[in-house]
Amino acid sequence: MKGFVKKIIICLFVFLMFSCACNCDQNCSYFAAVAKNDIPLSKPKPGDWLYAHVETGQSIEDFKKSNPLKPNQSAHTIYLVPIGNFNDLQLKQIEITRQFIEIFFQLKTIGLSGLNDNVVPAEAMRTGAENQVQLQATHLRDSVVANKKPKDALAIMGITEKDLFPKQSWNFVFGLASYEKALAVSSVYRLQRGSLTRENFNLSLIRLLKISTHEIGHMFGLKHCIVAACVMNGSNSLSEIDNSILRLCSKCQHKLSWSLDYDNERRLTALITFLKQYSLEKDLVMLNHDYSLLNSH
């Protein structure tokens, strides 16, 4: 009987090892395929994020050692909370963003009821260069958004219609995230450049999708990507956002997949379906190419 039990244990161990090896082979094959679609970054020009900021990058090994945020039994949901007075078109855009985030991170994503921005005290506001009201991003993130965080929240991001500034020496910021607190805030103010209309809806939407996934990516431990065109590239301006792509490079995909443990092919297919649905053609081309490379093996 002891010999029989020993054989069963050995067989089980071999099966588990083989299963893990197969899974690793499948993932490695996926990343090797889509890596052919990565676009290396060109030398930064004056005004670019990397021209003004020294970035050291992040290897996959460094990412794993950083103990990135992972879902667990008690914390497994991403939350979005609107802050301010949004019209119906803006609320529609936020709902579409929620849908995309759920696909992008392969985690349940819920939109909370909105807050009025009168919750921000006068000392956390200022008047910007364009005579617009600006809210201090750190206060909004660490006080207002933090206070709305549900118990099962893995991460939460506030979306405001007001402009943001991180500190007095900065003109503005598109968004701001905390690695340690799993809190973030982003703004639609500069993305729509005036009133949101049906004519500028898709342009503003793609910008919001890029900013939102970028900031939430930070909460999941991804640093700015300095290797290839990637949604995790830093951005100094709207033009830099517009020239970026709504896609993680293969290395950043590898990091996020390792941490969140999802099916890469299923995620890619769902992203393609989403981009088709909302006619986001530029980024659809890139993901379709990923799919073609994956299925050419």
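Cut-offs and rules
Residues numbered from 1 in each chain as written. Predicted model: local features only at pLDDT ≥ 70, side-chain atom pairs only at ≥ 80, totals over all residues. Heavy atoms only, no water. Pairing = 2+ DSSP bridges. Helix = DSSP H or I, 4+ residues; strand = E, 2+ residues; numbered from the N terminus. Axes fitted to C-alpha atoms, helices over the stretch in contact; angles between N-to-C directions. Contact = heavy atoms within 4.5 Å. Buried < 20%, exposed > 50% of the residue type's maximum accessible area, 1.4 Å probe, protein only. Expected span 1.5 Å × (residues − 1). Parallel < 35°, antiparallel > 145°, perpendicular 65-115°, else oblique. Left-handed = near helix turned anticlockwise from the far one by under 90°. Nonpolar A, V, L, I, M, F, W, Y, C, P; charged D, E, K, R; others polar. Phe/Tyr/Trp six-rings, centres within 6.5 Å; stacked < 30°, edge-to-face > 60°. Lys NZ or Arg CZ within 6 Å of the ring centre and 35° of its normal.

**Observations regarding the sheet that holds strand E8 (residues 183–187)**
Link 1 in the chain: Read across the open sheet, the five strands follow the order E2-E1-E5-E8-E7; overall the sheet is mixed. Strands at the two margins of the open sheet, each flanked by one partner only, are strand E2 (109–111) and strand E7 (175–178). The mean angle between the axes of side-by-side strands here comes to 15°, regardless of whether they run parallel or antiparallel.
Link 2 in the chain: Examined bridge by bridge, strand E1 (residues 77–83) and strand E5 (residues 153–160) share seven bridges and lie parallel to one another. Bridge pairing links Ile-83 to Thr-160 in E5.
Link 3 in the chain: On top of the sheet, helix H4 (residues 88–105) reaches E1, E2 and E5; it is set at about 160° to E1, its chief contact.
Link 4 in the chain: Relative to the sheet, helix H5 (residues 137–147) contacts E1, E5, E7 and E8, its axis offset from that of E8 by approximately 125°.

**Examining the side chain of Ser-259**
Link 1 in the chain: Along the polypeptide, Ser-259 turns up in helix H9 (residues 250–260).
Link 2 in the chain: For Ser-259, a relative accessible area of 5% corresponds to the buried category.
Link 3 in the chain: Once you skip the residues sitting within four places of it in the chain, Ser-259 turns out to touch Phe-63, Pro-68, Leu-69 and Lys-70.

**Looking at the sheet that holds strand E4 (residues 133–136)**
The pairing of strands in a sheet comes from backbone hydrogen bonds and takes either a parallel or an antiparallel form.
Link 1 in the chain: Strand order across the open sheet formed by three strands is E3-E4-E6, with mixed pairing between neighbours. Each edge of the open sheet is held by one strand with a lone partner, namely strand E3 (125–127) and strand E6 (163–165). If you compare each strand with its neighbour and ignore which way they point, the axes differ by 40° on average.
Link 2 in the chain: Sheet topology places E3 next to E4; three bridges connect them, and they run antiparallel. Across the sheet, the residue bridging to Arg-126 is Gln-134, located in E4.

**Quick look at helix H11 (residues 281–294)**
Link 1 in the chain: With 14 residues, H11 should reach 20 Å at 1.5 Å per residue; the first-to-last C-alpha distance of 20 Å fits that figure.
Link 2 in the chain: Turning to H11, its buried residues number three or more, namely Asp-283, Leu-284, Met-286, Leu-287, Asp-290, Leu-293 and Leu-294.

**A short note on the packing of H4 against helix H10 (residues 264–277)**
The relative placement of two packed helices is expressed as an angle between their axes plus a distance between the axes.
Link 1 in the chain: Interaxial distance between H4 and H10 falls to 9 Å at its minimum, and their mutual angle equals 160°. By the angle between their axes, H4 is roughly antiparallel relative to H10. Considering only the axes of H4 and H10, their crossing is left-handed. Judged by residue contacts, Ile-96, Gln-99, Phe-100, Ile-103 and Phe-104 of H4 engage Arg-267, Ala-270, Leu-271 and Phe-274 from H10.
Link 2 in the chain: Of the residues belonging to the contact of H4 with H10, the class tally is seven nonpolar, one polar and one charged.

**Concerning the packing of aromatic side chains**
Link 1 in the chain: Under the defined criterion, the tally for this structure stands at eight aromatic pairs.
Link 2 in the chain: Relative to Phe-105, the ring of Phe-104 has its centre 4.9 Å away and its plane inclined at 65°; by these criteria the two rings are edge-to-face. Neither residue differs from the other here; Phe-104 and Phe-105 are each classed as buried.
Link 3 in the chain: Three or more aromatic residues joined by ring pairs make a cluster, and in this case those are Phe-100, Phe-104, Phe-105, Phe-220, Phe-274 and Tyr-278.
Link 4 in the chain: Above the face of the Trp-258 ring, Lys-70 is positioned so that its terminal group lies 4.1 Å from the ring centre.

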